[in-house]
Amino acid sequence: CACKPAAVQLVNHGVFPCAPVHPTLAVDIGMLELVAGLFVHLAPNKQAWMENLYSFLKKRHYWLHTSVHVISCDILT
């Protein structure tokens with residue numbers, strides 16, 4: 001059989017398994033990147049959280065729409 005282990009198949013689909021053998025939970029790799037960035041920029045204020053969120057979204061070419069105007073994620077670089 002040319003089957004790959006479940007953990008390898010999950011990683012190939014963009015999720016990270018909670019266990020190398022018989023995983024029962026998997027987390028999106030992008031979400032892990034967001035959380036890792038939050039820990040790097042950890043501060044008890046909204047500004048640090050928002051800067052990390054903008055950075056995360058910018059890498060994925062997203063734009064944020066507010067009630068006033070469209071914010072390009074390029075403004076923080």
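Keep in mind it's a predicted model, so treat the numbers as computed, not measured.

Novice: Please clarify how the environment of Leu25 should be interpreted in this entry.
Specialist: Mapped onto the secondary structure, Leu25 falls in the loop between strand S1 (15-17) and strand S2 (26-28). Here the alpha-carbon distance between Leu25 and Val15, two residues ten residues apart in the chain, equals 9.5 Å. Residues contacting Leu25, with those up to four places away along its chain left out, are Phe16, Pro17 and Cys18.

Novice: Help me understand the packing of helix H2 (residues 29-40) against helix H3 (residues 46-59) in this model?
Specialist: A packed helix pair is summarised by two numbers, namely the angle formed by the two axes and the spacing between the axes. Packing of H2 against H3 brings their axes to within 9 Å, and their N-to-C directions diverge by 145°. Considering how the two elements wind past one another, H2 and H3 form a crossing that is right-handed. Counting all contacts with H2, which are made through Gly30, Glu33, Leu34, Gly37 and Leu38, the residues of H3 involved are Trp49, Asn52, Phe56 and Lys59. For the contact of H2 with H3, the per-class residue count stands at four nonpolar, three polar and two charged.

Novice: Looking at this structure, I do not really get the pattern of salt bridges. What am I missing?
Specialist: Side chains bearing opposite charge may pair, as long as their charged atoms lie close to each other. In this structure the tally under the stated criterion is two salt bridges. Connected through salt bridges with shared partners, the residues Glu33, Lys59 and Arg60 form a single ionic network.

Novice: What should I look at first to understand the confidence of the model for the protein chain in this one?
Specialist: Note that predicted coordinates carrying low pLDDT should not be read in detail. Mean pLDDT for the protein chain: 78, with 78% of residues reaching 70 or above. Taken element by element, the predicted model of the protein chain shows its lowest mean pLDDT in strand S4 (residues 70-72) (55) and its highest in S1 (93).

Basis of the calculations
Residues numbered from 1 in each chain as written. Predicted model: local features only at pLDDT ≥ 70, side-chain atom pairs only at ≥ 80, totals over all residues. Heavy atoms only, no water. Helix = DSSP H or I, 4+ residues; strand = E, 2+ residues; numbered from the N terminus. Contact = heavy atoms within 4.5 Å. Axes fitted to C-alpha atoms, helices over the stretch in contact; angles between N-to-C directions. Left-handed = near helix turned anticlockwise from the far one by under 90°. Nonpolar A, V, L, I, M, F, W, Y, C, P; charged D, E, K, R; others polar. Salt bridge = Lys/Arg side-chain N within 4 Å of Asp/Glu carboxyl O. pLDDT = per-residue confidence, 0-100.

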